[in-house]
Amino acid sequence: MQKSLLFLTFLYLLCSIFVGSSHSEEVPAPSNSTELVSSEDPVSDTQEQTSTNETVVEAVVETSPQSTNPFAERTLVLFKPEVTHRGLIGEILSQIERKGFKIVAMKFLVATAQQIEAHYSDHAGKPFFESLVSRTTNQPIVAMVLEGLNVITEFRRFMGSTDPKKSEMGTLRAQFGMQTERNLIHASDSVDNANLEIFLWFSPDEIYSYQRAIDQFVYFE
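Residues numbered from 1 in each chain as written. Predicted model: local features only at pLDDT ≥ 70, side-chain atom pairs only at ≥ 80, totals over all residues. Heavy atoms only, no water.

A word on the pattern of salt bridges
Phase 1 of the analysis: Under the criterion given, the structure shown has eight salt bridges.
Phase 2 of the analysis: Here Asp215 and Lys102 are joined by a salt bridge, their closest N and O atoms 3.6 Å apart. Of this pair, Asp215 sits in helix α10 (residues 215-218) while Lys102 is found in strand β2 (residues 102-110), placing the two residues 113 residues apart along the sequence. Lys102 carries the same exposure label as Asp215, and that label is buried.
Phase 3 of the analysis: Ionic pairing is found between Glu206 and Lys107, a salt bridge with its closest N-O pair at 3.2 Å. You can see Glu206 sitting in the loop between α9 (191-201) and α10 and its partner Lys107 sitting in strand β2, a full 99 residues away along the chain.
Phase 4 of the analysis: Linked by salt bridges that have partners in common, Arg74, Lys102, Glu147, Arg212 and Asp215 make up one network. (Salt bridge = Lys/Arg side-chain N within 4 Å of Asp/Glu carboxyl O. Helix = DSSP H or I, 4+ residues; strand = E, 2+ residues; numbered from the N terminus. Buried < 20%, exposed > 50% of the residue type's maximum accessible area, 1.4 Å probe, protein only.)

In structure tokens form, the structure reads like this:
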């Protein structure tokens, strides 16, 4: 009888060990792979991106640098590499300020090919485009934003014609320029282009509007 009990106990232990081992080796079945695939409609992503782009465009339009105040019209001015290399930055800046133009943003930088190509994109494909980009890329330039009454038209008159030899005496290009390819300065030619060019070179928080004590003696309101 005692031997029978021992034998039954031994069988019970063997069964317990076998059952426990089979449970520990059991591997859960992998989940259906289709459950891992997003059920989102790809068209929705496209629509969302389009909506985002439209929002960005609207934001740029809403933060246009131009004001309804005619005395706060703005233009972008670039001193090209020849101004820097010839040591004319101070001289030309002095004349700009003496004329009465107000500087509301300014920076000294080395322009990349991408910046120059974007800036002169309206000339892309023209015979002089590649030369224009190459002689301005990786060169030190000065970018600034001027503000004032009819500043776009007034500064272009002050700057002179594209060809320095045809510029009126007293203009910046007539004073310091010798050739069209080295005509020293770029300035926006319209309100629309000024908006685009200003935001190409400056972020809104780099532009500062302020009142000068001399403004009342520059303009008669």
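Quick notes on the nonpolar core
Phase 1 of the analysis: Grouped together as the largest cluster of nonpolar side chains are 23 residues, with contacts concentrated most on Phe79, Ile92, Ile96, Met144, Leu146, Phe155 and Ile185.
Phase 2 of the analysis: Broken down by secondary-structure element, the contributors of at least two residues to this core are β1 (73-79), α4 (89-99), β3 (140-148), α7 (151-159), α8 (172-176) and β4 (185-187).
Phase 3 of the analysis: By residue number, the principal contributor to this core is α7, which donates five residues.
Phase 4 of the analysis: Once residues lying within four places of it in the same chain are set aside, the contact partners of Leu146 are Glu73, Arg74, Thr75, Val77, Ile96, Phe101, Lys102, Ile103, Val151 and Phe155. (Core = buried A, V, L, I, M, F, W, Y, C linked by side-chain atoms within 4.5 Å. Contact = heavy atoms within 4.5 Å.)

Comments concerning the sheet that holds β3
Phase 1 of the analysis: On the basis of which strands lie adjacent, the open sheet formed by four strands has the order β2-β3-β1-β4 and antiparallel pairing. Strands at the two margins of the open sheet, each flanked by one partner only, are β2 and β4. Within the sheet, the average angular offset between the axes of one strand and its neighbour, ignoring direction, is 20 degrees.
Phase 2 of the analysis: Looking at chain direction, β1 and β3 are connected through seven bridges and run antiparallel. If you follow Glu73 over to β3, its bridge partner there is Gly148.
Phase 3 of the analysis: Sheet strands touched by α7: β1, β3 and β4. Its angle to β1, the strand with the most contacts, is close to 30 degrees. (Pairing = 2+ DSSP bridges. Axes fitted to C-alpha atoms, helices over the stretch in contact; angles between N-to-C directions.)

Here's the deal with unusual backbone geometry
Phase 1 of the analysis: Positive phi is not limited to glycine here, since Asn150 has a value of about 50 degrees.
Phase 2 of the analysis: Position of Asn150 relative to the elements: it lies in the loop between β3 and α7.
Phase 3 of the analysis: Even without a glycine there, the phi angle at Leu184 is positive, about 75 degrees.
Phase 4 of the analysis: Mapping Leu184 onto the fold places it in the loop between α8 and β4.
Phase 5 of the analysis: With relative accessibility at 0%, the residue Leu184 sits in the buried group.

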